[in-house]
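Breakdown of the fold
These are the residues of each chain, in order.
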Amino acid sequence: MPLDTVLSACPHDCPSTCALEVERLSPERIGKVRGGRHNPYTAGVICAKVARYADRVHHPDRLMQPLLRVGEKGVGRAAFRAIGWDHALDLLAEGLLRAAQRHGAEAVFPYFYAGTMGLVQRDGIERLRHAMGYSRQISTICVSLADAGWKAGAGIKRGLDGREIADADLIVMWGGNPVSTQVNVMTHIARARKERGAKLAVVDPYRTGTAEQADMHLMLRPGTDGALAAAVMHVLFRDGFADRAYMAKYTDAPEELERHLAARTPEWAAAITGLDAEEIGRFAHLYGSTRRSFLRLGYGFTRSRNGAANMHAASCLPAVTGAWQYPGGGALYSNTGMYRLDRSLIEGLDRLNPSVRRLDQSRLGPILTGDRRDLGDGPPVTALFIQNTNPVMVCPEHLKVREGFSRADLFVAVHEQFMTETAAMADLVLPATTFLEHDDFYIAGGHTFLQVARKAIEPVGEARSNHDLLCALAHRLGAEHPGFEMSAWEMIEATFRASGLPAPAIVHEQGGLDCAADFETRHFLNGFGHADGKFRFKPDWKSIGSGHERMPVLPDHMPAIEEPDAEHPFRLVTAPARSFLNSTFTETAASRSREGRPTALVHPRDCARLGIVAGDMVRLSNKRGTVLVHAKPFEGLQPGVLVVESIWPNATFVGGIGINALTSADRGFPAGGAVFHDTAVALAKA
Ligand SMILES: Nc1nc2c(c(=O)[nH]1)N[C@H]1C(S)=C(S)[C@@H](COP(=O)(O)OP(=O)(O)OC[C@H]3O[C@@H](n4cnc5c(=O)[nH]c(N)nc54)[C@H](O)[C@@H]3O)O[C@H]1N2
Ligand SMILES: Nc1nc2c(c(=O)[nH]1)N[C@H]1C(S)=C(S)[C@@H](COP(=O)(O)OP(=O)(O)OC[C@H]3O[C@@H](n4cnc5c(=O)[nH]c(N)nc54)[C@H](O)[C@@H]3O)O[C@H]1N2
Ligand code: SF4
Ligand SMILES: [Mo]
């Protein structure tokens, strides 16, 4: 019998940010985790990974004590010896102080991402960084390209309410795979289909679980979405689906757009995308003839060098048809820009010194191997303090990352829940709590609720929260800031107060606060996010990033991707695996067995040509590295395209070299951003 059930929120890096009901079996133990029924977006549904969360919280491999490495790097738990927290904190402070004394504060790089999305526990590391003058991080591993492309048109990172999917007659899932990555989108699509007979169209290079359920699947070559969007708009103008009155009122340059698109015919796009012209025309007619068209824009199609241009091009569609005027009509990329939050206390923004150098997190490999393009004329990075991320698995140019972590002169401390591949390379590993063991609050990309989650069980072993660790470390380093003197709960209270929000205890008790804007606002009927209130077909790329010269003036195919050549004739996509969440859940047996083993999906025609049969080991290679995986013939992609669902630990690959040995740390245009699905490779039977 459970003691009780507490309301919580899923902390993982997923646009769904599900409301949760968590059974407590005792003050130390959780039981079942269910989708919150009180939240109309979650509507009682969560993914299988989190429903099994007890497996992860109470996993026998959870880190219980601080660990000091006494053996070789990369070995794992056996190379470490347990030490007390006081000793660990002394060693951590010493490591950081020593690096700063020798080379200056910029030699220290606090490195983080979104292992938890709770704002106190995730972003508190920024406060330490700013208070100490440590190197700043440009957080490019996930949203940079998508943000740049969306804001270029709409001007602000918000859009339709996710619940409006149920009001639509056509849902277009463009470059995302919600069956795997945000299951709730499917709940609302199912409602629209049942109640309104809505259609689903999917734009994705391979037949994903989402594409399997679609009425129409546009299975294009990766990195060519700009061409598809331009041709669709060509047809919208040509065949009378453009809403000229809407455009005159709400957009910047409709006539110029129409002239520009005259040459962007379906035949032109067919040659670039590998789709057929007739199929593009059919999709354009379906889109153009549906007023209530909900365009759900994912991240996947932006993870290319031209990803911002692709996002911008796709986001132009509802501005041409005027779909924004109707219920369920318009687009949603993410709503995180909708929440008005004062983040200065959490992030220590009062202490930010803009002259401190910034390092691009996706370029950790080049940074650690001394690339001057990243380091500038500043010092090398000689100390890394890592929370909330597993770069040895998830960063591109893995071989450089590995070389960097192997440096004898680099001090590495990792605060983690598990002995990840990154933790195994550290000098010092500190045990971290999970979201059930600390307080925090959450905003969401896919819906409109602000949620507060309280500690539900006691920390496992000697685990400490990110916030508590940062406060203890700050005291040893002499870092001063009011945020280091408060509990996580007091941080939430102060942040809510400064943001004009109700008290967090109330928000928690009522199961979240719906921050949805009214219809006019979320449909941009009182103006888009730019000063003139207009959607921009012709973005001011210059204001967005230094790579602006390469950007197309109007929506177009931007020829900046890693094109196949004679030596590397395949395009590789490393899409997310359903049972993992980035690097997380690779430690749980159920997720592992569901995923099987690292596998390359290869078109049967390519298999036949190269003499590959199901289960063969194949070699994928390019100038960055070579990776061995098992092949699976799969006709749900174009010949010349490969998909390896990710992210498997390196150690699960033959030879110990994982998929990110192939991906590039090149910066996407115009403002950076990782390009995980933009990789040319050679394929051969191993
Ligand atoms: N090939 C390829 N690579 C990719 C991608 C891809 O599609 N293909 N996707 C990329 C994307 S979009 C992203 S966002 C990155 C994400 O990659 P990561 O940042 O590694 O993502 P996660 O697996 O979400 O979280 C990392 C770690 O945070 C830890 N963690 C969770 N909560 C806490 C906490 O409260 N405290 C501490 N100290 N640790 C905690 C978890 O145990 C986990 O090991 O990967 C990128 N890498
Ligand atoms: N199960 C699971 N859930 C996850 C994650 C996970 O790893 N596993 N990761 C989480 C994180 S950090 C994020 S950011 C989100 C990401 O979730 P999504 O928005 O779904 O984005 P991606 O994961 O990058 O890729 C999704 C789809 O984009 C497709 N794609 C790749 N290249 C192109 C292209 O050029 N054009 C088009 N049209 N499509 C393309 C891929 O084939 C894939 O099916 O999911 C989160 N949820
Ligand atoms: S769908 Fe996403 S937010 Fe919901 S429980 Fe699963 S990982 Fe968490
Ligand atoms: Mo992400």
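For clarity, every value in this text was computed on a predicted model and none was experimentally measured.

What follows is about the overall build of the protein chain. Within the protein chain, the regular secondary structure consists of 26 helices and 25 strands. Taking 686 residues into account, the globule formula puts the C-alpha radius of gyration at 26 Å, and the protein chain, at 24 Å, falls close to it. Along the three orthogonal principal directions, the C-alpha set of the protein chain runs to about 70 × 60 × 55 Å. The buried share of the protein chain, taken over its 686 residues, is 65%. A total accessible area of about 23,800 Å² is found for the protein chain, and carbon and sulfur atoms account for 50% of it.

The next thing to look at is the site of ligand 2. As a matter of local geometry, ligand 2 sits amid 31 residues, with Asp204, Gly223, Asp225, Pro576 and Phe580 nearest to it. At 3.3 Å, a side-chain N or O of Lys49 approaches a nitrogen atom of ligand 2. Considered on its own, ligand 2 offers 900 Å² of accessible surface; in the complex 97% of this is hidden by protein. Per-domain counts for the shell around ligand 2 show at least three residues from each of domain 2 (145-333 + 520-539) and domain 3 (570-685).

Let us now look at the nonpolar core. Residues Trp174, Leu297, Leu384 and Phe405 are the most contacted members of the largest nonpolar core, which totals 131 residues. In this structure, Leu297 is in contact with Trp150, Trp174, Met311, Ala314, Ser315, Ala331, Leu332 and Tyr333, ignoring residues within four places of it in sequence. In this structure, Ile83, Ala93, Leu428 and Cys471 belong to the second largest nonpolar core, which totals 31 residues.

Here the protein chain is described as being made up of domain 1 (67-141 + 341-443 + 458-501), domain 2 (145-333 + 520-539) and domain 3 (570-685). Using only C-alpha atoms to locate each centre, domain 1 and domain 2 end up separated by 38 Å.

For the coordinates displayed, the defined rule picks out 16 aromatic pairs. An angle of 70° between the planes, with centres 5.3 Å apart, marks the rings of Tyr53 and Phe435 as edge-to-face. With Tyr53 in helix H2 (residues 53-57) and Phe435 in the loop between strand S16 (428-431) and strand S17 (440-442), the pair connects residues that are 382 residues apart, well separated along the chain. Relative to Phe524, the ring of Trp324 has its centre 5.1 Å away and its plane inclined at 80°; by these criteria the two rings are edge-to-face.

This brings us to the packing of helix H9 (residues 225-238) against helix H14 (residues 307-315). At a closest axis distance of 8 Å, the pairing of H9 and H14 adopts a crossing angle of 20°. When the axis of H9 is compared with that of H14, the two are roughly parallel. Seen from above, H9 lies across H14 with left-handed handedness. The residues of H14 that touch H9, namely those facing Asp225, Gly226, Ala229 and Met233, are Asn310, Ala313 and Ala314. In terms of residue class, the contact of H9 with H14 is made up of four nonpolar, two polar and one charged.

Take unusual backbone geometry next. Here the amide bond leading from Ser646 into Ile647 is cis, since omega sits at 15°, within 30 degrees of zero. Here Ile647 shows up in the loop between strand S24 (641-644) and strand S25 (679-685). For the bond from Phe669 to Pro670, the omega torsion is 0°, close enough to zero to count as cis. With respect to the helices, strands and loops of the structure, Pro670 is situated in the loop between S24 and S25.

Now for the pattern of salt bridges. For the structure on display, the rule yields 40 salt bridges. Ionic pairing is found between Arg196 and Asp169, a salt bridge with its closest N-O pair at 2.8 Å. Taken as a pair, Arg196 in helix H7 (residues 184-196) and Asp169 in the loop between helix H5 (144-154) and strand S8 (170-174) lie far apart in primary sequence, 27 residues in all. Residue class for Arg196 comes out partly exposed when judged on its relative accessible area of 34%. On the basis of relative accessibility, which here comes to 27%, the residue Asp169 falls in the partly exposed class. Ionic pairing is found between Asp360 and Arg667, a salt bridge with its closest N-O pair at 3.1 Å.

Looking at the secondary structure, you find Tyr134 in the loop between helix H4 (119-132) and strand S7 (136-138). As for Tyr134 and Arg357, which are separated by 223 residues in sequence, their C-alpha atoms are 8.5 Å apart.

Bringing the side chain of Ser16 into the picture now. Tracing the backbone shows Ser16 in the loop between strand S1 (4-9) and strand S2 (19-26). Accessibility expressed as a relative area gives 1% for Ser16, which makes it buried. At 2.6 Å, the side chain of Ser16 and the side chain of Asn184 are in polar contact.

On the basis of which strands lie adjacent, the open sheet formed by five strands has the order S10-S9-S8-S11-S12 and parallel pairing. Where the open sheet ends on each side, the last strands, each with one partner, are strand S10 (216-218) and strand S12 (330-332). Each strand axis lies, on average, 20° off the axis of its neighbour in the sheet, ignoring direction. By the bridge criterion, five bridges tie S8 to strand S11 (residues 293-297) in an arrangement that is parallel. Bridging across to S11, Met173 finds its partner in Arg296.

Glancing now at the sheet that holds strand S6 (residues 108-112). The strands that make up a sheet are held in pairs by hydrogen bonds between backbone atoms, and each pair lies either parallel or antiparallel. Taken in spatial order, the six strands make up an open sheet running S5-S4-S16-S15-S14-S6, and their pairing is mixed. The open sheet is flanked by strand S5 (80-82) and S6, the only strands paired with a single partner. Across the sheet, the mean angle separating the axes of adjacent strands is 20° when strand polarity is ignored. Relative to the sheet, helix H21 (residues 466-477) contacts strand S14 (383-387), strand S15 (411-416) and S16, its axis offset from that of S14 by approximately 150°.

Within S8, five of the five residues are buried, leaving the element largely enclosed by the surrounding structure. A two-sided burial pattern is seen for S8, the buried positions comprising Leu170, Val172 and Trp174 on one face and Ile171 and Met173 on the other. Inspection of the sheet shows S8 paired to strand S9 (residues 199-203) by five bridges, in the parallel sense. Note on S9: the bridge partner recorded for Trp174 is Val203.

Definitions and cut-offs
- Residue numbers here run from 1 along each chain, matching the order of that chain's written sequence.
- Chains carry letters from A onward and ligands carry numbers from 1 onward, assigned in written order.
- Only residues with pLDDT of 70 or above have their local features reported here, since the model is predicted, and side-chain atom pairs are shown and tallied only from 80 upward, although totals for entire chains, interfaces and linings are computed over all residues.
- Values shown for side chains rest on all heavy atoms present in the structure; no hydrogens or waters enter the calculation.
- Helix and strand assignments follow DSSP, with helices taken as H or I runs no shorter than four residues and strands as E runs no shorter than two, numbered in order from the N terminus.
- All radius of gyration figures rest on C-alpha atoms, and the globule criterion is 2.2 Å times the number of residues raised to 0.38.
- Buried means the residue's accessible area, taken with a 1.4 Å probe over protein chains only, is under 20% of the maximum for its type, while exposed means over 50%, and partly exposed covers the values in between.
- For every accessible area listed, the method is Shrake-Rupley and the probe measures 1.4 Å; residues are considered covered only by the protein chains on display.
- A molecule or strand has a residue near it when one of that residue's heavy atoms lies within 4 Å.
- Within 3.5 Å is the distance limit for a polar contact, defined as a pair of N or O atoms, with the added protein rule that one can donate a hydrogen and the other accept it, and that residues adjacent in sequence qualify only through two side-chain atoms.
- Domain delimitation in this document rests on an assignment produced automatically or drawn from a domain database.
- To form a nonpolar core, buried Ala, Val, Leu, Ile, Met, Phe, Trp, Tyr and Cys residues must be joined to one another through side-chain atoms within 4.5 Å.
- In what follows, residue pairs with any heavy atoms lying within 4.5 Å of each other are defined as contacts.
- Aromatic pairs are defined between Phe, Tyr and Trp rings, using the six-membered ring for Trp, whenever the two ring centres lie within 6.5 Å; interplanar angles under 30 degrees are classed as stacked, those over 60 as edge-to-face, and all others as tilted.
- Fitted lines through C-alpha atoms give the axes, limited to the stretch in contact for helices. The angle between two N-to-C directions lies from 0 to 180 degrees.
- Angle categories are assigned with fixed cut-offs, so that under 35 degrees is roughly parallel, over 145 is roughly antiparallel, 65 to 115 is roughly perpendicular, and the rest are oblique.
- We call a crossing left-handed when the near helix sits turned anticlockwise from the far one by less than a right angle, and right-handed when that turn is clockwise.
- Three classes are used: nonpolar for Ala, Val, Leu, Ile, Met, Phe, Trp, Tyr, Cys and Pro, charged for Asp, Glu, Lys and Arg, and polar for all others, with Gly counted as polar.
- Take a side-chain nitrogen of Lys or Arg and a carboxyl oxygen of Asp or Glu: if they are within 4 Å of each other, that pair is a salt bridge.
- Any two strands between which DSSP finds at least two bridges are classified as paired.

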